[in-house]
Number of protein chains: 2
Amino acid sequence: MLDQPIMAIDRRTPGPLYRKLKNEILRRIRLGVLRPGDRLPPTRQLALELGVNRGTVSAAYDELTGDGILESHVGRGTFVAALIPLEPLAPGDRPPGYRWPDHFAGVHPPEPRNYPSTGDKPVIALHRNIPDESLFPTDGFRESLNEVLRNGGRSLLSYAPVGGHPEFLSFLREYLRENRRLEVGPGEMLVVNGSQQALDLIGRAFLRPGDTVLVEDPTYTGALEMFEALSARPVGVSTDEGGIRLEDTERLFARERPKFIYVMPTFQNPTGVSLASGRREALVRLAARYEIPVIEDDFDGELHYDGEAPPPLKSGPDSQGVIYIGTPSKMLFPGLRIGWILAEEPVIERLGRIKQVADLSGSQLLPAAFARFAITGGLERHKEKVRAAYRARRDALLGALERHMPRGCTWSRPAGGMTLLVTLPAPVDFDALLENTAREGVLFTPGPWFYVSGGDRELRLCFGSVAEEAVEPGVIVLAREVRRALERGGRPLPARRKPSLPSV
Amino acid sequence: MLDQPIMAIDRRTPGPLYRKLKNEILRRIRLGVLRPGDRLPPTRQLALELGVNRGTVSAAYDELTGDGILESHVGRGTFVAALIPLEPLAPGDRPPGYRWPDHFAGVHPPEPRNYPSTGDKPVIALHRNIPDESLFPTDGFRESLNEVLRNGGRSLLSYAPVGGHPEFLSFLREYLRENRRLEVGPGEMLVVNGSQQALDLIGRAFLRPGDTVLVEDPTYTGALEMFEALSARPVGVSTDEGGIRLEDTERLFARERPKFIYVMPTFQNPTGVSLASGRREALVRLAARYEIPVIEDDFDGELHYDGEAPPPLKSGPDSQGVIYIGTPSKMLFPGLRIGWILAEEPVIERLGRIKQVADLSGSQLLPAAFARFAITGGLERHKEKVRAAYRARRDALLGALERHMPRGCTWSRPAGGMTLLVTLPAPVDFDALLENTAREGVLFTPGPWFYVSGGDRELRLCFGSVAEEAVEPGVIVLAREVRRALERGGRPLPARRKPSLPSV
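None of these values were measured; they are calculated from a predicted model.

Undergrad: I'm lost on the overall build of chain A in this one. Help?
TA: Within chain A, the regular secondary structure consists of 14 helices and 16 strands. By its C-alpha atoms, chain A is 80 × 60 × 50 Å across when sized along the principal axes. Within chain A, the proportion of its 504 residues that are buried is 51%. Considering only contacts within chain A whose residues lie at least 6 apart along the sequence, 76% involve residues at least 24 apart.

Okay, here's the thing in structure tokens:
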């Protein structure tokens, strides 16, 4: 059958329609979109689709049948002939240009989703889950870069082994033991280009189109986007103030037989909530009983404000099925493009081979400078500094929400990370709400972007890249517009919006 | 049917075999490898595969049928029941560990292929198509890094727009106009992590499993590996001293209807040969007539030794179907992990969205430092320096081959790049030949690694990372071992070896 995209006939150029249709069919055969033996749509159907006379379609089919390109079988339909004497354009003809959408055939990434313009208003960026540029330790990091380049820099400028430079892996092992209580063997680590590449490699290793994965509902938009690109089917596990519910998880393990479960057990994005301590080992054991891999995304576990963060799932007992992702993007800065995966050796070996196909290897220079910055104490000082700054901003945000948000609104109270989730008492029209706050320079992220289904009463606020003194003015605008939106009443939302990626 | 991998029964643990088989079937149902309605193999066949008694298989099937897990239909076979009352392991049971190969389901990258050990001999690296570390301009590049980090460095440490930093894109446009005669619009460029990522993104955008692509035969192993990972089918176009033959290309365009053709028209890897000037525009026009995209990999076009390199296909007329890949990895150093893709806007837009899923964005810092290094003249000086060095090494290699190789051997004479291809008068046993030269510290790359089919008389030599004075000693060892191998006679090789990736 004629496949998507539907054939188009250009009516602006001169010449009879049936001939244009004939040429379009020939073009599709030439491109391999239509293959020998494929059945063409009945003339009536195609005529309807194209908005042309049925006779036009018949004329095109007839000529092609006469040329031996199509074959007609009474009662069965019209088919592309098994052997087709196909000529390219005559050498003198001007090539008509490439119609690219006809050529795309692989991964289908979702459409990007954009925030509305804030005009010339200064932006209060409650939508950006990224660290504050003004806090970046540029000079200290520059010193580390210089030191590693001065001492044996040449080899840092060549290709790295795909899994990472051995010296960096040694550093990382020590670092993770001290900072995240993780004990890993040398063959159990892979260095990647940030945690998004970790997700992509894992998706490519485990998922076929149609496969099911479990996710926290709400979850990270970049993960939803990866699943969509690979045609995998995310199924949401319900969450409460202690993270995902285990009964629901077990029910879905048994019913859905997912390829894996993807979780952010520490300072989750978007809620900021951590998986309750009583559920952490239980989740790992439950997954092991079903032999379902657990993807643990620990992207911001070191940004804790009320005492230590909970230890990662991967640091606990029976965690051989946990595939752990870490990164310095949030605690230091994202421009490093570094991440790491910890997992049992067969997984690391597989992911490393996929990474080799994906990009041969990452930079060695930036990881080496990161290690140097950590070893010389710069990273620890930086972490203390940003923890204090982000703690103050979180407190400012919680206070402002308390003072200004309309009655009936609730929100999560994160002990770390840079995000929280607000729940409104009723659904609102998020497009209008976001347009209205954007006019005042205030941006946030609508709930539906994070949910497999629902989220029509939720919105995410980030406090990482908003100056402390800008938090309250931002919340005042948001609260006012939320109140108005609630008064206007919500527009019913489609049950499931296509998720896509906000900035992070 | 029971899918690969074949079920294994562990005979070392105690307990009856039929029960182990039963548990293995249950495990596969739990994992979703066996799904409701799947047919199990006949008892006789499975017994044969497992090397057990047929009664053992029947006993397992019978118990599972009694439990309602399987259903038996006379004359049709045994099936997984449509509704299965499946329990996980009892909570007290120790989870048995994850059998990872059962979980992998996505991309299947080929096994890595390794060179034999050279023991404690100093290596003469005729196998490595990478630039010489000892020539890297570490100090000059460090200065550029410092300058960009001092002037507005903070924003260079945050996330980049997925396509690249606008300032870098402006620089790149200018750079490509001056150095490669390329004229590109602002929406026609994408910055990526080296040319391997360019290949991977293009593969993911255009290819479905089973799709055909045309390649020069021989071609780059990293491209062959990418095709294999995506289950695409490369078909080789024959080449001569002028590159691919156009009659063969046209015949294959018509017969195979490939999704694209992948070529290295300038200083090709492994041959070092450039596509003849009379064939360059003709190839582009031919592809346009069939509307087949041309992937032009221009990884080393700036490493020319006998006058200017030919201009890229993308710089010529009617080149809207050319998707161009460039990189500084060979002319400067690979540790930058930078590459760029030039193509029409719909292609760039698509590839950018796939890159966003793949890793959000690359580093901004390293491209900025590269641009600074180029703008301040360091890059031009470096290119002059390495052209002189590699030219001398090429000449040393050609001279040494002339003096030492056995009669009947021929080789390509590259005007640029860092590789050439030797053709022997008869096939040899490459495993043995490589073992023998490795014992003397000399490594090369066997022909079959580069060929879709054949290559059993070819081998690749690289002169980029071998000091000039080491070239002749290396060739003397190679020539001696080739002579011995020819005297021993060749071992017939399989018609098509699985290609895999040497270091580059």
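Next, the rest of the story.
Undergrad: Before we go on, may I ask you to explain the interface of chain B and chain A in this structure?
TA: Interface extent is often summarised as the accessible area lost during association of the parts. On the side of chain A, 81 residues touch chain B, which itself brings 81 residues to the contact. Every element with two or more residues in the side of chain B that touches chain A is listed here: helix 1 (17–31), helix 4 (138–150), helix 6 (194–206), helix 7 (221–229), helix 9 (277–290), helix 10 (345–359) and helix 11 (365–375) of chain B. Among the elements that make up the side of chain B that touches chain A, the one with the highest residue count is helix 10 of chain B (nine residues). Considered class by class, the residues forming the side of chain B that touches chain A number 41 nonpolar, 20 polar and 20 charged.

Undergrad: Honestly, the pairing of strand 10 (residues 322–326) of chain A in this entry has me stumped. Any pointers?
TA: Along any regular strand the residues' side chains alternate between the sheet's two faces. Residues and elements named next belong to chain A. The element strand 10 is extensively covered by neighbouring structure, given that five of its five residues are classed as buried. The alternating pattern of strand 10 places Val322, Tyr324 and Gly326 on one face and Ile323 and Ile325 on the opposite face, and all of these are buried. Inspection of the sheet shows strand 9 (residues 294–297) paired to strand 10 by four bridges, in the parallel sense. Bridge pairing links aspartate 297 to isoleucine 325 in strand 10. The sheet contact formed by strand 10 and strand 11 (residues 339–342) spans three bridges and is antiparallel. Bridge pairing in strand 11 places glycine 326 opposite tryptophan 340.

Undergrad: Explain the sheet that holds strand 10 (residues 322–326) of chain B here, please?
TA: The strands making up a sheet associate through hydrogen bonds between their backbones, and the pairing can be parallel or antiparallel. Residue and element names in this part refer to chain B. On the basis of which strands lie adjacent, the open sheet formed by eight strands has the order 4-11-10-9-8-5-6-7 and mixed pairing. The two strands at the open ends of the sheet, each matched to only one other strand, are strand 4 (189–192) and strand 7 (243–244). Contacting strand 7, strand 8 (261–263), strand 9 (294–297) and strand 10, helix 9 runs over the sheet at an angle of about 145° to strand 9.

Undergrad: Help me understand the relation of the copies chain B and chain A in this model?
TA: What connects the two chain copies is a rotation about an axis and a shift along it. Superposing chain B onto chain A takes a rotation of 180° combined with a translation of 0.0 Å along the rotation axis, leaving an RMSD of 0.1 Å. Taken together, the rotation and translation describe the operation of a two-fold axis. When C-alpha positions in chain B are compared against the rotation axis, the closest is assigned to Asn146(B), at 4.0 Å.

Undergrad: How should unusual backbone geometry be read in this particular structure?
TA: Cis rather than trans, the peptide bond between Asp217(A) and Pro218(A) has omega equal to 15°. Although it is not a glycine, Ser231(B) sits at a positive phi angle of roughly 60°. Relative to the elements of secondary structure, Ser231(B) occurs in the loop between helix 7 and strand 6 (233–240). Positive phi, close to 50°, is recorded for Arg337(B), a residue that is not glycine. Of note, Arg337(B) is situated in the loop between strand 10 and strand 11 (339–342).

Undergrad: Looking at this model, I keep getting lost on the confidence of the model for chain A. Mind explaining?
TA: In regions of low pLDDT, the predicted coordinates are not meant to be interpreted in detail. Residue and element names in this part refer to chain A. The share of residues in chain A with pLDDT of 70 or more is 93%, and the mean pLDDT across the chain is 90. Note that residues 1–5 has pLDDT below 50 and, in this model, 10 contacts with residues that lie over four places away or in other chains. Contacts of residues 493–504 to residues separated by more than four positions or lying in other chains number 38 contacts, the stretch itself having pLDDT below 50. Scoring the predicted complex yields pTM 0.86 and, for the interface, ipTM 0.86.

Undergrad: I would appreciate a short explanation of the nonpolar core in the present structure.
TA: The nonpolar side chains of a soluble globular protein tend to be buried, and buried together. Within the largest apolar cluster, 179 residues are counted, with the highest numbers of intra-cluster contacts made by Val294(A), Ile341(A), Val294(B) and Ile341(B). Ignoring sequence-local partners within four residues, the contact set of Val294(A) consists of Phe260(A), Ile261(A), Val263(A), Leu283(A), Val284(A), Ala287(A), Leu313(A), Gly321(A) and Val322(A). The next biggest cluster of nonpolar side chains, apart from the first, holds 35 residues, and it includes Phe267(A), Val428(A), Ala438(A) and Phe463(A).

Undergrad: Got a minute to help me understand the environment of Gly140(B) in this structure?
TA: Residues and elements named next belong to chain B. Inspection of the secondary structure assignment puts glycine 140 in helix 4. Taking the C-alpha atoms as reference, glycine 140 lies 19 Å from phenylalanine 171; in sequence the two are 31 residues apart. Residues contacting glycine 140, with those up to four places away along its chain left out, are Phe373 and Gly378.

Undergrad: Help me out: how do you make sense of the environment of Trp340(B) in this one?
TA: Residues and elements named next belong to chain B. Locating tryptophan 340 in the fold gives a position in strand 11. Overall, tryptophan 340 belongs to the buried group, with 26 C-beta atoms counted inside 10 Å. Note: C-alpha distance between tryptophan 340 and methionine 189 (151 residues apart in sequence) is 6.8 Å. Residues in contact with tryptophan 340, not counting those within four places in the same chain, are Leu172, Met189, Leu190, Val191, Val192 and Gly326.

Undergrad: How should the sheet that holds strand 16 (residues 458–462) of chain B be read in this particular structure?
TA: Residue and element names in this part refer to chain B. Pairing is antiparallel across the open sheet formed by four strands, whose spatial order is 12-13-16-15. The sheet terminates laterally at strand 12 (410–411) and strand 15 (445–446), the two strands that pair on one side only. In this sheet, strand 16 lies alongside strand 15 in antiparallel orientation, the contact comprising two bridges. Note on strand 16: the bridge partner recorded for proline 446 is leucine 459.

Undergrad: How should I be thinking about the domain arrangement of chain A in this particular structure?
TA: If you check the domain split of chain A, you get domain 1 (17–102), domain 2 (124–134 + 384–488) and domain 3 (137–379). A separation of 50 Å is found between the C-alpha centroids of domain 1 of chain A and domain 3 of chain A.

Undergrad: Please explain the packing of helix 6 (residues 194–206) of chain A against helix 10 of chain B as it appears in this structure.
TA: At a minimum axis distance of 5 Å, the contact between helix 6 of chain A and helix 10 of chain B shows a crossing angle of 95°. Our classification of the angle between helix 6 of chain A and helix 10 of chain B gives roughly perpendicular. Of the residues in helix 10 of chain B, those touching helix 6 of chain A at Gly194(A), Gln196(A), Gln197(A) and Asp200(A) are Val357(B), Ala358(B) and Asp359(B). Along the lines of polarity and charge, the residues of the contact of helix 6 of chain A with helix 10 of chain B split into two nonpolar, three polar and two charged.

Undergrad: Hey, could you run me through the environment of Cys409(B) in this one?
TA: All names here are of chain B. Note on placement: cysteine 409 falls in the loop between helix 12 (378–404) and strand 12. Residue classification places cysteine 409 among the partly exposed positions, given that 18 C-beta atoms sit within 10 Å. Residues cysteine 409 and proline 334, spaced 75 residues apart in sequence, show a C-alpha to C-alpha distance of 33 Å. Setting aside anything within four residues of it in sequence, one finds cysteine 409 in contact with Val422, Thr423, Leu424 and Pro425.

Undergrad: Honestly, helix 1 (residues 17–31) of chain A in this entry has me stumped. Any pointers?
TA: Note that an α-helix has 3.6 residues per turn; residues three or four places apart therefore point the same way. With 15 residues, helix 1 of chain A extends 21 Å between its outermost C-alpha atoms, agreeing within 8% with the 21 Å of an ideal straight helix rising 1.5 Å per residue. Among all positions in helix 1 of chain A, only Tyr18(A), Lys20(A), Leu21(A), Lys22(A), Ile25(A), Ile29(A) and Arg30(A) are buried. Buried residues belonging to helix 1 of chain A abut helix 3 (54–66) and strand 2 (77–80) of chain A together with helix 9 of chain B.

Parameters and conventions
Residues numbered from 1 in each chain as written. Chains lettered and ligands numbered in written order. Predicted model: local features only at pLDDT ≥ 70, side-chain atom pairs only at ≥ 80, totals over all residues. Helix = DSSP H or I, 4+ residues; strand = E, 2+ residues; numbered from the N terminus. Buried ≥ 20, exposed ≤ 12 C-beta atoms within 10 Å, placed from the backbone. Contact = placed C-beta atoms within 7 Å. Nonpolar A, V, L, I, M, F, W, Y, C, P; charged D, E, K, R; others polar. Pairing = 2+ DSSP bridges. Axes fitted to C-alpha atoms, helices over the stretch in contact; angles between N-to-C directions. Least-squares fit on C-alpha atoms with pLDDT ≥ 70 in both. pLDDT = per-residue confidence, 0-100. Core = buried A, V, L, I, M, F, W, Y, C linked by C-beta atoms within 7 Å. Domains from an automatic or database assignment. Parallel < 35°, antiparallel > 145°, perpendicular 65-115°, else oblique. Expected span 1.5 Å × (residues − 1).

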